[in-house]
Protein chains: 2
Amino acid sequence: MTAGDSQPSATAFVPGHITGFFSAHTATTCAQAGSRGAGITLTDGVEVTVSPGSGLRLNGETIEMLPVADVCTRLGVDAAVDATTSLPLGAGFGVSGALTLGTALAANTVFDCGKTENELITLAHCAEVDAGTGLGDVVAQARGGLPIRIDPGSPSHGRLDGLPARPQIEYVTFGEVSTETVLSGDTDELTRAGESALSHLLEWPTLDRFMTASREFAAEAGLVTDEVAAALDAVDEVGGDTGNDIDTGAAMAMLGNTVFATGEKLSAAGYDAHQCRVDAGGARLIDER
Amino acid sequence: MTAGDSQPSATAFVPGHITGFFSAHTATTCAQAGSRGAGITLTDGVEVTVSPGSGLRLNGETIEMLPVADVCTRLGVDAAVDATTSLPLGAGFGVSGALTLGTALAANTVFDCGKTENELITLAHCAEVDAGTGLGDVVAQARGGLPIRIDPGSPSHGRLDGLPARPQIEYVTFGEVSTETVLSGDTDELTRAGESALSHLLEWPTLDRFMTASREFAAEAGLVTDEVAAALDAVDEVGGDTGNDIDTGAAMAMLGNTVFATGEKLSAAGYDAHQCRVDAGGARLIDER
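What you are looking at is a predicted structure, and each value in this text was computed from that prediction instead of being measured.

1. Considerations on the side chain of Thr191 of chain B
Argument step 1. Along the chain, the position of Thr191 of chain B falls in helix H6 (residues 188–203).
Argument step 2. Once residues lying within four places of it in the same chain are set aside, the contact partners of Thr191 of chain B are Ser23 and Ala24 of chain B.

2. Section: the UniProt feature "domain: GHMP kinase N-terminal" (unreviewed entry) in chain A
Argument step 1. Here the UniProt feature "domain: GHMP kinase N-terminal" (unreviewed entry) sits at residues 79–145 of chain A.
Argument step 2. A helix fraction of 57% and a strand fraction of 10% characterise residues 79–145 of chain A, whose end C-alpha atoms lie 29 Å from each other.

3. Here's the deal with the sheet that holds strand E11 (residues 274–277) of chain B
Residues and elements named next belong to chain B.
Argument step 1. Within the open sheet, the four strands sit side by side as E9-E10-E8-E11. Their pairing is antiparallel. Two strands close off the open sheet at either side, each with one partner strand: strand E9 (250–252) and E11. Neighbouring strand axes in the sheet, compared pairwise and without regard to direction, differ in orientation by 30° on average.
Argument step 2. Note: strand E8 (residues 168–173) against E11, four bridges, orientation antiparallel.

4. Digging into the interface of chain A and chain B
Argument step 1. Contact with chain A, which involves 32 residues of that partner, is made by 32 residues of chain B.
Argument step 2. Here chain A packs against chain B, burying approximately 2,900 Å² in sum over the two surfaces, 47% of which is carbon and sulfur.
Argument step 3. For the pair chain A and chain B, the number of links is four salt bridges.
Argument step 4. Across the salt bridge formed by Glu117 of chain A and Arg166 of chain B, the nearest N and O atoms sit 3.5 Å from each other.
Argument step 5. Connecting chain A to chain B are 13 residue pairs in polar contact (both at pLDDT 80 or more).
Argument step 6. Within the residue set of the side of chain A that touches chain B, elements represented by two or more residues are helix H2 (95–110), helix H3 (117–131), strand E7 (159–162) and strand E12 (284–285) of chain A.
Argument step 7. Tallied by class, residues from the side of chain A that touches chain B come to 13 nonpolar, eight polar and eleven charged.

5. Remarks on the nonpolar core
Argument step 1. Counting 84 residues, the largest nonpolar core has Phe21, Leu99, Phe210, Phe217 and Phe260 of chain B as the members making the most contacts within it.
Argument step 2. Of all the elements, helix H2 (residues 95–110) of chain B adds the most residues to this core, at nine residues.
Argument step 3. Apart from residues lying up to four places away in sequence, Phe260 of chain B is in contact with Ile18, Gly20, Ile40, Glu170, Tyr171, Phe210, Met211, Ala250, Ala251, Met252, Ala253 and Leu266 of chain B.
Argument step 4. Among the nonpolar cores identified, the runner-up in size contains 82 residues, and Ala38, Ala193, Leu201 and Val259 of chain A belong to it.

6. Description of the pattern of salt bridges
Pairing is possible between side chains that carry opposite charge, provided their charged atoms lie close to one another.
Argument step 1. This structure, assessed with the given rule, holds 22 salt bridges over all chains.
Argument step 2. Glu117 of chain B serves as the salt-bridge partner of Arg143 of chain A, at 2.7 Å between the closest nitrogen and oxygen. Separated into two different chains, Arg143 of chain A in helix H4 (residues 137–143) and Glu117 of chain B in helix H3 (residues 117–131) make up a pair that spans both.
Argument step 3. Residue Glu117 of chain B is classed as buried on the basis of its relative accessible area of 9%.

7. Concerning H3 of chain A
All names here are of chain A.
Argument step 1. In a regular helix each residue adds 1.5 Å, so 15 residues correspond to 21 Å; H3 covers 21 Å between its end C-alpha atoms and thus fits that length.
Argument step 2. Extensive coverage of H3 is indicated by the burial of 13 of its 15 residues.
Argument step 3. In the segment just after H3, Gly132 is the residue with positive phi, at about 75°.

8. Concerning the relation of the copies chain A and chain B
Argument step 1. Once turned by 180° and shifted 0.0 Å along the axis, chain A lies on chain B with an RMSD of 0.0 Å. Such a combination of rotation and displacement between the chain copies is what one expects of a two-fold axis. Nearest to the rotation axis, the C-alpha of Gly281 of chain A is located 1.7 Å from it, this being the minimum over chain A.
Argument step 2. Taken together, the interface assignments show that 100% of the residues at the interface of chain A recur at the interface of chain B, consistent with an identical surface on both copies.

9. Some remarks on the packing of aromatic side chains
Argument step 1. A complete count under the given rule lists ten aromatic pairs over all chains for this structure.
Argument step 2. The interplanar angle of 75° and the centroid separation of 6.2 Å between the aromatic rings of Phe174 of chain B and Tyr271 of chain B together place this pair among those described as edge-to-face. One end of the pair, Phe174 of chain B, is in the loop between E8 and helix H5 (179–184); the other, Tyr271 of chain B, is in the loop between helix H9 (265–268) and E11, with 97 residues separating them in the sequence.
Argument step 3. Taking the relative accessible area as the measure of exposure, Phe174 of chain B reaches 26% and is therefore partly exposed.
Argument step 4. A residue is classified by how much of its surface remains accessible, and Tyr271 of chain B, at 23% relative accessible area, is partly exposed.
Argument step 5. Taken together, a centroid distance of 6.3 Å and an interplanar angle of 35° make the contact between Phe210 of chain B and Phe260 of chain B tilted. On the criterion of sequence distance, the pair formed by Phe210 of chain B in helix H7 (residues 207–221) and Phe260 of chain B in strand E10 (residues 258–262) is long-range, its members being 50 residues apart.
Argument step 6. Phe260 of chain B sits in the buried class, given a relative accessible area of 0%.
Argument step 7. By way of ring pairs, the aromatic residues Phe21, Phe210 and Phe260 of chain A are connected into one cluster.

10. Digging into the state of the cysteines
Argument step 1. A full pass over the atoms with the stated rule returns two disulfides over all chains.
Argument step 2. Paired by a disulfide, Cys30 of chain A and Cys126 of chain A hold their sulfur atoms 2.3 Å apart. Looking along the S-S bond of the Cys30 of chain A-Cys126 of chain A disulfide, the torsion reads about 85°, which is the right-handed sense. In this pair, Cys30 of chain A sits in the loop between strand E1 (10–25) and strand E2 (34–52) while Cys126 of chain A sits in helix H3, placing the two residues 96 residues apart along the sequence.
Argument step 3. Residue Cys30 of chain A is classed as buried on the basis of its relative accessible area, which comes to 19%.
Argument step 4. With no disulfide of its own, Cys113 of chain B has Cys72 of chain B as its nearest cysteine by sulfur position, at a separation of 9.5 Å.

11. Focus: the environment of Ala79 of chain B
All names here are of chain B.
Argument step 1. With respect to the element layout, Ala79 can be found in strand E5 (residues 79–85).
Argument step 2. Sequence separation of Ala79 and Gly53 is 26 residues, and the distance between their C-alpha atoms is 4.7 Å.
Argument step 3. Leave out the neighbours within four places in its chain, and Ala79 touches Val50, Ser51, Gly53, Ser54, Gly55, Cys72 and Phe111.

12. So, the layout of surface pockets
Argument step 1. Empty space within the largest pocket amounts to approximately 1,200 Å³.
Argument step 2. In terms of lining residues, the largest pocket is bounded by 50 residues, among which Arg143 and Leu160 of chain A together with Asn118, Arg143 and Leu160 of chain B are the most central.
Argument step 3. Elements with a contribution of two residues or more to the lining of the largest pocket: H3, H4, strand E6 (147–151) and E7 of chain A together with H2, H3, helix H4 (137–143) and strand E7 (159–162) of chain B.
Argument step 4. No other element matches H3 of chain B, which puts five residues into the lining of the largest pocket.

Conventions adopted
- Residues numbered from 1 in each chain as written.
- Chains lettered and ligands numbered in written order.
- Predicted model: local features only at pLDDT ≥ 70, side-chain atom pairs only at ≥ 80, totals over all residues.
- Heavy atoms only, no water.
- Helix = DSSP H or I, 4+ residues; strand = E, 2+ residues; numbered from the N terminus.
- Contact = heavy atoms within 4.5 Å.
- UniProt positions renumbered as here; feature names shortened; annotations may be inferred.
- Pairing = 2+ DSSP bridges.
- Axes fitted to C-alpha atoms, helices over the stretch in contact; angles between N-to-C directions.
- Buried area = accessible area lost by both parts, 1.4 Å probe.
- Salt bridge = Lys/Arg side-chain N within 4 Å of Asp/Glu carboxyl O.
- Polar contact = N/O pair within 3.5 Å; in protein donor to acceptor, adjacent residues only side chain to side chain.
- Nonpolar A, V, L, I, M, F, W, Y, C, P; charged D, E, K, R; others polar.
- Core = buried A, V, L, I, M, F, W, Y, C linked by side-chain atoms within 4.5 Å.
- Buried < 20%, exposed > 50% of the residue type's maximum accessible area, 1.4 Å probe, protein only.
- Expected span 1.5 Å × (residues − 1).
- Least-squares fit on C-alpha atoms with pLDDT ≥ 70 in both.
- Phe/Tyr/Trp six-rings, centres within 6.5 Å; stacked < 30°, edge-to-face > 60°.
- Disulfide = S-S within 2.5 Å.
- 1 Å grid on protein atoms, 1.4 Å probe; cavity = no way out; pocket = protein on both sides within 12 Å on 5 of 7 lines; lining within 4 Å.
- Points joined across faces, edges and corners; volume = space filled by probe spheres on them.

Written out as structure tokens, the structure is:
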């Protein structure tokens, strides 16, 4: 909490999260529901500042987002949430999860709620699951690195591991895909492909294998758009056999009309790609003064 | 792995870890053994570089450390380990845990061992437990932040939570306490005091309560040295009632002849204290180029 101001406030940073592949898992409680899969957390993320008041602003514009309001209700606080990000909404970067988790972390500080990190992650995870806006972003964003969701759900139920690697990441995005629409449809095919991709990764848990499994998942799940297909092909063409085993082509961000790659493959393929790194820390309060 | 060099190498950073209180828990396997308790991970830590070869150097001097050698044996690799740190050995900062975990993370990259982060944490935790050099540092250092060890053991058995706060930290150290000597003695009294401190913290999991519980633990466990007692008193005298609830006096690092405090209380009490922050990220490979 910032001391000395008339209005107390706190700020949290939450990394963006690209899912490479996943399987959806329903359960009787929101804390047990979630997804298995693997992804990448990004140094590009969302900064969320909370103070007493009301309303949610993202990059200066007032928006409504059900899970953010839900977290405030669950904490029993009246919070004004002001967030900034360079990441696009609805393009597979977990921005809704970041807003929700960041609100939980910062509001706990401002309103002295006395929750632990696991309790705040669970609140945010449940708010996302209940709103249908995400299944695994929150727990991955809380962890940082290259999270593997071994078992679904919040910290008391789920189980996470990680890939020990810290490559550079590039991404390019072509627009929105609605998470709600995909997740509310028939996810059986997705889940079969996701379970298969996870088994494939766990046989040899390396970055190389993660990229390959993600690429296969997108094809099997039938979610590849024309723009994504063109970008994947373009990276394959320039990528070829570089002899560098950490650069294994590109894959699609789930769920977004977005392509990501390690190294600088998208730039090499002529795309005006964003560059960032793997976020090592996971969601965190920004240092108190 | 650094590309282009004749000798491949990788570097990991592992934060220092100060334990405020703990209870020791034995078990039939090293992965299940460990400690419960709470502590602070520090932006002051250990950088560990691994390349093919042999031997361990810390700040340029050749040393021997059983758990580091053990990790290399468990991974089946011949590694030269070169580490640097500003933290003192044997003073309660988890330097042996940091060397062990950093070696596991970096060696996995150099020798392409294909382990996950949890597997590497388990290897390092077991090496520390078997050597008697630590019970909970490795899992805390892997997590970062202000880790609460809810259940003892490696990732597949233990359970961690965290305090959502990021204060400034000061510390001052007066010399060594042997972890092996304390842990190999009668730990019943320690464990009763540690269990009580953890219950006290979990009733209201805040930084303020952590400092209070740590201070009580040191007194009950009978480990306070004369230098530590003098520093704790000095901070109490200048600290008084500042009205700032994140600055609640000082406590003793377990196990070291070391005092730590939030804010700048040790400086205010006239000590030439080191200043750092809470490490948000936990142990990590340093970004690949």
